[in-house]
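Secondary and tertiary structure notes
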Number of protein chains: 2
Amino acid sequence: MAKTFSELLEMAKNIEKKKVSVAVAQDEEVLRAVKGAKDLGIADSILVGDADKINEIAANLGMDLSDYEIVDVKDPIEASLKAVSLVHDGEADMYMKGLIDTKDFLRSVLNKEVGLRTGKPLSHVCVFDVEGADKLMFLTDVAFVPYPTLEDKVNIINNTVEICKACGIDNPKVAPLAAVEVVNPKMPETVEAAELTKMNEEGKITGCIVDGPLSLDLAVCPEAAAHKGATGRKIVGDADILLFPNIHAGNITYKAMVHFAKVTNGNMITGTAAPVILTSRSDTYEVKMNSLALAALVADSLKKNA
Amino acid sequence: MAKTFSELLEMAKNIEKKKVSVAVAQDEEVLRAVKGAKDLGIADSILVGDADKINEIAANLGMDLSDYEIVDVKDPIEASLKAVSLVHDGEADMYMKGLIDTKDFLRSVLNKEVGLRTGKPLSHVCVFDVEGADKLMFLTDVAFVPYPTLEDKVNIINNTVEICKACGIDNPKVAPLAAVEVVNPKMPETVEAAELTKMNEEGKITGCIVDGPLSLDLAVCPEAAAHKGATGRKIVGDADILLFPNIHAGNITYKAMVHFAKVTNGNMITGTAAPVILTSRSDTYEVKMNSLALAALVADSLKKNA
């Protein structure tokens, strides 16, 4: 069970090496990251994109491409469709965004012929390794699903529980967050949080322990949970999954943690047939490496359960 | 202009000493805080509550009460009405919660005869001093207004701009936050953020610079703002006021910062005839002291503008 990203990287090194297919790979930061993953033995890669540009960037980086598969497709949309089809056809285990618009990249993920649809709704998970915390935290959804309905939230929980399992965390604790820890009929977020808790008790959401609504302090801080004296709760500052009521709450919190706290993170899209890595240009090398390691573990888990 | 809480405390020491009226003062943490404020020369206090219990707690703390005004009222509701009336009548400059339910305390604030209503809507402001940041950040509303309408948001901005001015920050920059920095018709929060920006440009919101929607990184991190290359924006990582779309986004972010980042904070209710200090039991001594200093500066500013 990974409690930090360094433990998670160790886990990813010790499984069968994976292969990542990169859409529009002519991007310096992305090439650095796939080189890092190769050097650690986590993943080889297939670089789909403009071969001339890929070679030029690699030369500038002093990166030897003789061990890399390169598929020369100049047009970005076509390159993304080729790259995703390699994952679709089982030639690669995971799919990563390069120098292509997020919208176009996601269109390739959702492509009916060559994409990675499973019928399950997609969601995003961001894994945080907070200095001083004794476990990883799985934040969802901070980037993909804007206003999840109750049904969406059930799907998001299911998707994220699978990611936790891939990281060795069985029966994770899920905290549907709100501003308060009690149900307030005037706050639909708290009503839905209680509903999710009930569905979990009734066996309609399985493989995890749901307890909400919870304020963030009661979800992640055992001292705060003890101080406020909440009794009979299943989560006492020890949540694994932080479920946000909507994208604004999720995204602002996520960015506050990145900018104000000492955290390292990794993230991916889930609900797909294979892990999808959608890091942004502003993400550091470390975040991209963490995301590749996370995706490799998830790919391994999907293979074993296939 | 205060850039940190230690500067803010210095400012509060250098103005005319204030007086705080405490509702139901028989609370160890509250007595410690008013003693701190007295020792620093920021505020004297009137302790309204059960005199026997107040004396007993003070004795345990080794606190000499000979210099404190004590008003003996055993019943908590009556004590709060007495304490708020002292502020209403100008005997004290600010009003602080002691050992009384938040609901009952707020009822005394809103009492039509002896309370502190001004006709303006109330809101909450939380001031953050983040290690490494070169300015204070004013978060609103993370605790009081659940789902602000556009009109509520205008009022919240006006209330918070007044607090900034009291801290020596003229023409503060206001960032209406969302998950994204562009208007998306499917996200009403972004539409309202743009509307607030327009109202500011048209002179309907004055004394500040509004620029939204903004994601948190673009609002508070100059490097992120530069990296994402947003041009023509009035806020480039230098926001003073962070306006949250609703209480869930605000409260979860606030608690993430308290629990995961090295921050110190102070907070108060504003929109009232005099500052109202509503710290919670889980707030540290430092937070209570910061809140008293903030309230003293605001009381001073209200007096000068009266």
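Analysis parameters
- Counting of residues starts from 1 at the beginning of each chain's written sequence and follows it residue by residue.
- Numbering of ligands from 1 and lettering of chains from A proceed in the order in which they are written.
- For a predicted model such as this one, the threshold for reporting local features is a pLDDT of at least 70, and the threshold for listing and counting side-chain atom pairs is 80 or more; totals across whole chains, interfaces and linings nevertheless cover every residue.
- As a convention, hydrogens and water are excluded, and side-chain values are obtained from all of the structure's heavy atoms.
- Secondary structure elements are taken from DSSP: a helix is a run of H or I of four residues or more, a strand is a run of E of two residues or more, and numbering for both begins at the N terminus.
- Only C-alpha atoms enter the radius of gyration; for comparison, a globular chain is expected to reach 2.2 Å times N to the power 0.38, where N is the number of residues.
- Exposure categories follow from relative accessible area, calculated using a 1.4 Å probe and restricted to protein chains: below 20% of the type maximum is buried, above 50% is exposed, and the middle band is partly exposed.
- Note on aromatic pairs: the rings of Phe, Tyr and Trp (six-membered ring only in Trp) are paired at centre separations within 6.5 Å, and the planes decide the class, stacked below 30 degrees, edge-to-face beyond 60, tilted for the rest.
- Charges are assigned to positions over rings by a cutoff of 6 Å between ring centre and Lys NZ or Arg CZ, combined with an angular limit of 35 degrees from the ring normal.
- Only the stretch in contact is used when a helix axis is fitted, and all axes are lines through C-alpha atoms; the angle between N-to-C directions ranges over 0 to 180 degrees.
- Should an angle lie under 35 degrees it is considered roughly parallel, over 145 roughly antiparallel, and from 65 to 115 roughly perpendicular; all remaining angles are considered oblique.
- The handedness criterion is simple: a crossing whose near helix is rotated anticlockwise from the far helix by less than a right angle is left-handed, and one whose near helix is rotated clockwise is right-handed.
- Any two residues having at least one pair of non-hydrogen atoms within 4.5 Å are treated as being in contact.
- Residues are sorted three ways: Asp, Glu, Lys and Arg are charged, Ala, Val, Leu, Ile, Met, Phe, Trp, Tyr, Cys and Pro are nonpolar, and all the rest, Gly among them, are polar.
- A cavity, in this analysis, means grid points on a 1 Å lattice covering only the protein atoms where a 1.4 Å probe fits yet has no way out; a pocket is instead an open set bounded by protein on both sides within 12 Å along at least five of seven lines, and a residue lines either one if it has an atom within 4 Å of a point.
- Grid points are joined across faces, edges and corners, and a volume is the space filled by probe spheres set on the points.
- Here the quantity called buried area is the accessible surface, traced with a 1.4 Å probe, that two parts lose on coming together, added over both.
- Every case where a carboxyl oxygen of Asp or Glu lies within 4 Å of a side-chain nitrogen of Lys or Arg is listed as a salt bridge.
- The term polar contact refers here to a pair of N or O atoms within 3.5 Å; inside protein, the definition further demands a hydrogen-donor-capable atom paired with an acceptor-capable atom, and it admits residues adjacent in sequence only when both atoms are side-chain atoms.
- Residues reaching a pLDDT of at least 70 in both copies supply the C-alpha atoms on which the copies are superposed by least squares.
- Multiplying 1.5 Å by the helix residue count minus one yields the expected span of that helix.

The next point concerns the overall build of chain A. Check the secondary structure of chain A and you find 11 helices and 11 strands. Against the 2.2 N^0.38 benchmark of 19 Å for 306 residues, chain A shows a C-alpha radius of gyration of 20 Å, consistent with a compact globule. Projected onto its principal axes, the C-alpha positions of chain A cover 60 × 40 × 35 Å. Put simply, chain A has 306 residues, and 58% of those count as buried.

Turning our eyes to something else, we now look at the packing of aromatic side chains. Following the criterion strictly, the structure yields 4 aromatic pairs over all chains and no others. A ring pair is formed by A:F128 and A:Y254, whose centres lie 6.0 Å apart and whose planes are at 55°; its orientation type is tilted. Residue A:F128 is located in strand β5 (residues 123-130), and its partner A:Y254 is located in helix α10 (residues 247-260); the two are separated by 126 residues in the primary sequence. Accessibility expressed as a relative area gives 14% for A:Y254, which makes it buried. For the ring pair B:Y95 and B:F105, a centre distance of 4.7 Å and an interplane angle of 20° mean the geometry is stacked. Residue B:Y95 is found in strand β4 (residues 94-97), and its partner B:F105 is found in helix α5 (residues 102-110); the two are separated by 10 residues along the sequence. Both residues of the pair, B:Y95 and B:F105, count as buried. Its guanidinium or amino end placed over the ring of A:Y68, A:K38 lies 5.2 Å from that ring's centre, counting from NZ or CZ.

A few words on the packing of helix α6 (residues 150-166) of chain A against helix α7 (residues 188-201) of chain A. Residues and elements named next belong to chain A. Where α6 meets α7, the axes come as close as 11 Å, and the angle between the chain directions of the two elements is 55°. As far as their axial angle goes, α7 and α6 are oblique. The two elements α6 and α7 cross, and the hand of that crossing is right-handed. The residues of α7 that touch α6, namely those facing L150, K153, V154 and I157, are E192, E195, L196 and M199. Of the residues contributing to the contact of α6 with α7, the split by class is 5 nonpolar, no polar and 3 charged.

So, on to the environment of A:F128. All names here are of chain A. We classify F128 as buried; its relative accessible area is 0%. Sequence separation between F128 and L139 is 11 residues, and the spatial gap between their C-alpha atoms is 7.4 Å. If sequence neighbours within four positions are ignored, F128 has contacts with K135, L136, M137, L139, Y254, M257, V258, V263, T264 and N265.

Now for empty space enclosed by the protein. All names here are of chain A. Taken as a whole and assessed by the stated rule, the structure comprises 5 cavities of 30 Å³ or more. In this structure, the largest cavity occupies an estimated 70 Å³ of space. In this structure, the largest cavity is lined by D27, E29, V30, K97, G98, T279, S280, R281 and K288. Looking at the lining of the largest cavity, its residues break down into 1 nonpolar, 3 polar and 5 charged.

Let us now look at the interface of chain B and chain A. Contacts between the two partners involve 37 residues from chain B and, on the opposite side, 37 residues from chain A. Counting each side, the surface lost to burial between chain B and chain A is near 2900 Å², with a carbon and sulfur contribution of 74%. On the chain B side of the interface with chain A, the three residues burying the most area are B:H248, B:I252 and B:F260, jointly 25% of the side's total. A salt bridge links B:K255 to A:D217, with the nearest nitrogen and oxygen atoms 3.8 Å apart. Scanning the region where chain B abuts chain A turns up 7 residue pairs in polar contact (both at pLDDT 80 or more). In terms of residues, the side of chain B that touches chain A owes the most to one element, helix α10 (residues 247-260) of chain B, which gives 11 residues. Split into classes, the residues belonging to the side of chain B that touches chain A amount to 22 nonpolar, 8 polar and 7 charged.

Attention now goes to the packing of helix α2 (residues 28-39) of chain A against helix α3 (residues 51-61) of chain A. All names here are of chain A. For the pair α2 and α3, interaxial distance at closest approach is 10 Å and the crossing angle is 70°. On the basis of the axis angle, α2 is roughly perpendicular to α3. Relative to α3, the crossing made by α2 is right-handed. Where α2 abuts α3, its residues E28, L31 and R32 lie against I54, I57, A58 and L61. For the contact of α2 with α3, the residue count by class is 5 nonpolar, no polar and 2 charged.

Turning our attention to the relation of the copies chain B and chain A. Note: a rotation about an axis with an accompanying shift along it relates these two copies of the chain. Here chain B sits on chain A after a turn of 180° about the axis and a move of 0.0 Å along it, with an RMSD of 0.0 Å. Accordingly, the operation relating the two chain copies is best matched by a two-fold axis. Mapped onto chain A, 100% of the interface residues of chain B again fall at the interface, so both copies present the same surface.

Turning our attention to the side chain of B:S45. Residue and element names in this part refer to chain B. Turning to its location among the elements, S45 is positioned in strand β2 (residues 43-49). Assessed through its relative accessible area of 4%, S45 is described here as buried. Discounting chain neighbours no more than four positions away, the residues touching S45 are K19, V20, V34, Y68 and E69.

This part covers helix α6 (residues 150-166) of chain B. Residues and elements named next belong to chain B. In this model, α6 (17 residues) spans 25 Å end to end at C-alpha, consistent with the 24 Å of a helix rising 1.5 Å per residue. Within the span of α6, buried status applies to K153, V154, I156, I157, N159, T160, V161, I163, C164 and A166. Just downstream of α6 lies G168, where phi reads positive at about 85°.

Another aspect to go through is the pattern of salt bridges. Inspection of every chain in the model, using the stated rule, returns 44 salt bridges over all chains. In this structure, the salt-bridge partner of B:R32 is B:E29, at a minimum N-O distance of 3.8 Å. Of this pair, B:R32 and B:E29 both sit in helix α2 (residues 28-39), 3 residues apart, which is roughly one turn of that helix. Using a relative accessible area of 29% as the deciding quantity, one classes B:E29 as partly exposed. Beyond isolated ion pairs, a larger network of salt bridges with shared partners links A:D50, A:D52, A:D72 and A:K74.

Spatial relationships are all this shows, so hold off on functional conclusions.
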